[in-house]
Amino acid sequence: MERFFQALGDNTRLRLLNLMDDQEICVCYFVEILAQGQPKISRHLAYLRRAGIVQARREGKWMHYRIVMPPSIGATQVLRQTLAWLKEDRAMQADKARLSKACCSPAKFVTLQSAPRPAAVDCAAVEVR
């Protein structure tokens, strides 16, 4: 429980969760959108993974991350409410707008030119672990 709440207590991790929302996203998009180094982003994603909030999938050289609901009903409710709250925040909305722009024209971003685009995730189909 402590790790779960600590995972939600960092702005970078909240920004990552906001960007993932209902998508599976490659690390390279997080690096581009958040303008932070890959090691820092990966460290925060590992923290979220250890907290049971995100799941990773490797596809060749690309690492993709998506949100998974925790096994606790209470934690799931907190996570869903947190994600809904993030949607109301201006800074989080700006991150989403940058992601949308990057997805629509990845050629404008050197780091994203050969990157796989984010894929929608059916939240209802996401297993509660």
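Look above for the structure.
Summary of the structure given here. Nothing here was measured: the structure is a model prediction, and the numbers come from that model.

**Details of the packing of aromatic side chains**
What describes a pair of aromatic rings is the distance from one ring centre to the other and the angle between the planes of the rings. This structure, assessed with the given rule, holds 1 aromatic pair. Ring centres 5.2 Å apart and planes at 85° place the aromatic pair Phe 4 and Phe 5 in the edge-to-face group. Of note, Arg 13 hangs over the ring of Tyr 47, and the distance from its end group to the ring centre comes to 4.0 Å.

**As for the nonpolar core**
With 35 residues, the main nonpolar core has Leu 17, Met 20, Phe 30, Ile 53 and Leu 79 as its most contacted residues. Contributions of two or more residues to this core are made by α1 (2-7), α2 (11-20), β1 (23-26), α3 (27-34), α4 (38-50), β3 (62-67), α5 (73-86) and α6 (90-104). Contact partners of Ile 53, with chain neighbours within four places excluded, come to Phe 4, Ala 7, Leu 8, Leu 17, Leu 48, Arg 66, Ile 67, Val 68 and Leu 79.

**Some details on the environment of Tyr 65**
The topology assignment puts Tyr 65 in strand β3. Tyr 65 sits 49 residues away from Leu 16 along the chain, and the two C-alpha atoms are 9.6 Å apart. Setting aside chain neighbours within four positions, we find Tyr 65 in contact with Met 20, Gln 23, Glu 24, Ile 25, Val 27, Phe 30, Leu 45, Arg 49, Val 54, Gln 55 and Ala 56. Separated by 3.4 Å, the side chains of Tyr 65 and Arg 49 make a polar contact.

**Some points on unusual backbone geometry**
With a phi close to 30°, Asp 21 is a non-glycine residue in the positive phi region. Inspection of the secondary structure puts Asp 21 in the loop between α2 and β1. Given the relative accessible area of 17%, Asp 21 is considered buried. The residue Ala 35 is not glycine, and still its phi comes out positive at about 55°.

What counts as what
Starting from 1, residues in each chain are numbered consecutively following that chain's sequence as written. Owing to the predicted nature of the model, reporting of local features is limited to residues with pLDDT of at least 70; listing and counting of side-chain atom pairs is limited to 80 or more, with chain, interface and lining totals taken over all residues. The side-chain values count all of the structure's non-hydrogen atoms but skip hydrogen atoms and water molecules. Under the pairing criterion, centres of Phe, Tyr and Trp rings, with the six-membered ring standing for Trp, must be within 6.5 Å; the plane angle then separates stacked pairs below 30 degrees from edge-to-face pairs above 60, leaving the rest tilted. Two thresholds decide whether a charge sits over a ring: the Lys NZ or Arg CZ must be within 6 Å of the ring centre and within 35 degrees of the ring normal. The definition of a nonpolar core used throughout is a set of buried Ala, Val, Leu, Ile, Met, Phe, Trp, Tyr and Cys residues joined through side-chain atoms within 4.5 Å. Under the scheme applied here, a residue whose accessible area is under 20% of the maximum for its type counts as buried, over 50% as exposed, and between as partly exposed, the area being computed with a 1.4 Å probe on protein chains only. Secondary structure elements are defined from DSSP: runs of H or I of at least 4 residues count as helices, runs of E of at least 2 residues count as strands, and each element is numbered from the N terminus. We call two residues contacting when some pair of their heavy atoms lies within 4.5 Å. In protein, a polar contact requires one atom able to donate a hydrogen and another able to accept it; more generally it is a pair of N or O atoms within 3.5 Å, and residues adjacent in sequence count only if both atoms are side-chain atoms.

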